[in-house]
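# Understanding the architecture of this molecule
Spelled out from the first residue to the last, the chains are:
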Amino acid sequence: MADITVNETARILSEALPFLQRYDDQVIVVKYGGHAMVDPELARMFARDIVMLKVCGLNPIVVHGGGPQINKMLDKLAVKAEFREGLRVTDPETMEVVEMVLAGSINKAIVASIQQAGGRAVGISGKDGNLLIAERYIKEKTDPATGKTVKIDFGQVGEPARVNTEILHTIMKSDAIPVVAPVGVGWEGDSYNVNADTAAGAIASATGAKRLLLLTDVAGVLDKDKQLISELKIGDVPKLIAEGTITGGMIPKIESAAAVVESGVEGVIILDGRVPHSVLLELLTPHGVGTRISRSGV
């Protein structure tokens, strides 16, 4: 029985070779969040998997979220919430808490977890080295009653305007793994809360990443029979939205992923972070556990 187990292990390792060759010395951006970040065992496995990617010659960059932790801290501090269009308004008081949680406790916990797994990690925010230059996000909406366009301001919520990758390359060349908190800096030095998916996409585009992995709490994009769509070409996206296959919160995620692919990233994967070792399964085996968006399914 022991010989069978050893042989099976050797076979699995051998089958990873073509995938290791494909991604050798390539940048892989992973947006880390959801259940994979709050479940202690999944978090431990994620850290080990990221260290393994680095040891195997890939260059992972982790960009993390932290919405639930931010909400918990705001409630604890009795910071009153204001919402517009379903989104929390980030006023200066809220921004202080956002930065404290994202760039502080969450970021350092992820760094510690990676280092506990035997890797080297450096935690930074988008403000370090002017990594993420952000501009205020203003949403435009047409008032159905008047037909006029209304501008909606969410406070210190930003969108990436420029990504300066020097600090990331410096960290990667030092054989360490960058762990990025999505806090941007404005042209005048103001702090901005940047959506983690958006920040990860901007960083993937700017670094010429081979893959962008978006860890979520869903299996991926499902068809009308609730079956996983494992491959999705960007040209199919408008049709799937129009016919109602892609709906709700998945629409902006897929549209953003398509834009990242258009920018030159070879593939974006909506990945089920609830599956143990989902990152390794997606990158180093033929058994993907999510939906891959690409130009041609490569």
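This text follows the structure it describes.
Described below are features of the structure shown in this document. (Residues numbered from 1 in each chain as written. Predicted model: local features only at pLDDT ≥ 70, side-chain atom pairs only at ≥ 80, totals over all residues. Heavy atoms only, no water.)

## Brief notes about helix H8 (residues 196–207)
Put simply, the rule reads: Counting from the N terminus, the helices are the DSSP runs of H or I reaching at least four residues and the strands are the DSSP runs of E reaching at least two. Take the number of residues in a helix, subtract one, and multiply by 1.5 Å to get its expected span. Buried means the residue's accessible area, taken with a 1.4 Å probe over protein chains only, is under 20% of the maximum for its type, while exposed means over 50%, and partly exposed covers the values in between. Nitrogen and oxygen atoms within 3.5 Å of one another constitute a polar contact, given that in protein one can donate a hydrogen and the other can accept it, and given that sequence-neighbouring residues count only through two side-chain atoms.
Taking 1.5 Å of rise per residue, twelve residues should cover 16 Å, and H8 covers 16 Å from first to last C-alpha, within 8% of that figure. The element H8 is extensively covered by neighbouring structure, given that nine of its twelve residues are classed as buried. Within H8, burial applies to Ala-196, Asp-197, Ala-199, Ala-200, Gly-201, Ala-202, Ile-203, Ala-204 and Thr-207. Measuring from the backbone nitrogen of Asp-197 back to the side-chain oxygen at the start of H8 gives 2.9 Å, which picks out Asn-195 as the cap. Count one or two residues on from H8 and you reach Gly-208, which has phi positive near 65 degrees.

## Here we look at the nonpolar core
Threshold: In this description, a nonpolar core means a group of buried Ala, Val, Leu, Ile, Met, Phe, Trp, Tyr and Cys residues linked to one another through side-chain atoms lying within 4.5 Å.
Counting residues in hydrophobic clusters, the biggest one holds 42 residues, and the most contacted among them are Tyr-32, Ile-114, Leu-213, Leu-215, Val-279 and Leu-283. With nine residues, helix H6 (residues 92–116) is the largest single contributor of residues to this core. Among the nonpolar cores identified, the runner-up in size contains 41 residues, and Val-63, Ala-176, Ala-199 and Val-260 belong to it.

## Describing H6
Convention followed: The bend at a residue is defined as the angle formed between two axes, one fitted to the seven residues ending at that residue and one fitted to the seven starting there.
When the terminal C-alpha atoms of H6 are compared, their 35 Å separation across 25 residues agrees well with the 36 Å that a helix rising 1.5 Å per residue should span. Taken as a whole, H6 carries its principal kink of about 35 degrees at Asn-107. Burial in H6 covers these residues: Thr-94, Met-95, Val-97, Val-98, Val-101, Leu-102, Ile-106, Asn-107, Ile-110, Val-111 and Ile-114. Positive backbone phi, at 100 degrees, marks Gly-118, one or two positions downstream of H6.

## Some points on the packing of aromatic side chains
Selection rule: Pairs were defined over the aromatic rings of Phe, Tyr and Trp, the Trp ring being its six-membered one, requiring ring centres within 6.5 Å. Orientation was assigned from the angle between planes: stacked under 30 degrees, edge-to-face over 60, tilted for the rest.
A complete count under the given rule lists two aromatic pairs for this structure. With a centroid separation of 3.8 Å and an interplanar angle of 5 degrees, the aromatic rings of Tyr-32 and Phe-46 are classed as stacked. Remark: Phe-46 occurs in helix H4 (residues 40–55) and Tyr-32 occurs in strand S1 (residues 27–32); sequence separation between them is 14 residues. Residues Tyr-32 and Phe-46 agree in their burial class; the two are buried. Note on Tyr-137 and Phe-154: the rings are 5.6 Å apart at their centroids and 10 degrees apart in plane angle, and the pair reads as stacked.

## Things to note about the pattern of salt bridges
Spelled out, the test is: A pair is scored as a salt bridge if a Lys or Arg side-chain nitrogen falls within 4 Å of a carboxyl oxygen belonging to Asp or Glu.
One pass over the structure, following the stated rule, counts 13 salt bridges. The shortest N-O distance in the salt bridge between Glu-99 and Lys-127 comes to 2.9 Å. Taken together, the residues Glu-99 in helix H6 and Lys-127 in the loop between strand S5 (121–125) and strand S6 (132–142) connect sequence positions 28 residues apart. The class of Glu-99 is partly exposed, set by a relative accessible area of 22%. You can call Lys-127 partly exposed: its relative accessible area is 27%. Across the pair Glu-266 and Arg-211 runs a salt bridge whose closest N-O atoms are separated by 2.8 Å. Taken together, the positions of Glu-266 in the loop between helix H10 (250–262) and strand S13 (267–272) and Arg-211 in strand S11 (residues 211–216) put the pair 55 residues apart, joining distant regions of the chain. The class of Glu-266 is partly exposed, set by a relative accessible area of 26%.

## Remarks on unusual backbone geometry
Phi angles above zero are rare outside glycine, and Ala-78 is one such case at about 60 degrees. Its location among the elements puts Ala-78 in the loop between helix H5 (67–76) and strand S3 (83–84). Using a relative accessible area of 66% as the deciding quantity, one classes Ala-78 as exposed. In the Ramachandran plot, Asn-130 falls in the positive-phi region, its phi being about 50 degrees despite a non-glycine side chain. Tracing the backbone through its elements, the reader meets Asn-130 in the loop between S5 and S6.

## Some details on the sheet that holds strand S8 (residues 177–181)
The condition that has to hold: Strand pairing follows a simple DSSP-based rule, namely that at least 2 bridges must link the two strands. To obtain an axis, a line is fitted to C-alpha atoms, over the contacting stretch when the element is a helix, and the angle between two such axes runs from 0 to 180 degrees between their N-to-C directions.
With mixed pairing, the eight strands of this open sheet are ordered in space as S5-S8-S2-S1-S11-S13-S14-S12. What marks the edges here is a single partner per strand, and that holds for S5 and strand S12 (231–233). Here the strands of the sheet are splayed against their neighbours by 20 degrees on average, with no regard to which way each runs. Pairing between S1 and strand S2 (residues 59–64): six bridges, direction parallel. Counterpart to Tyr-32 in the pairing with S2 is His-64.

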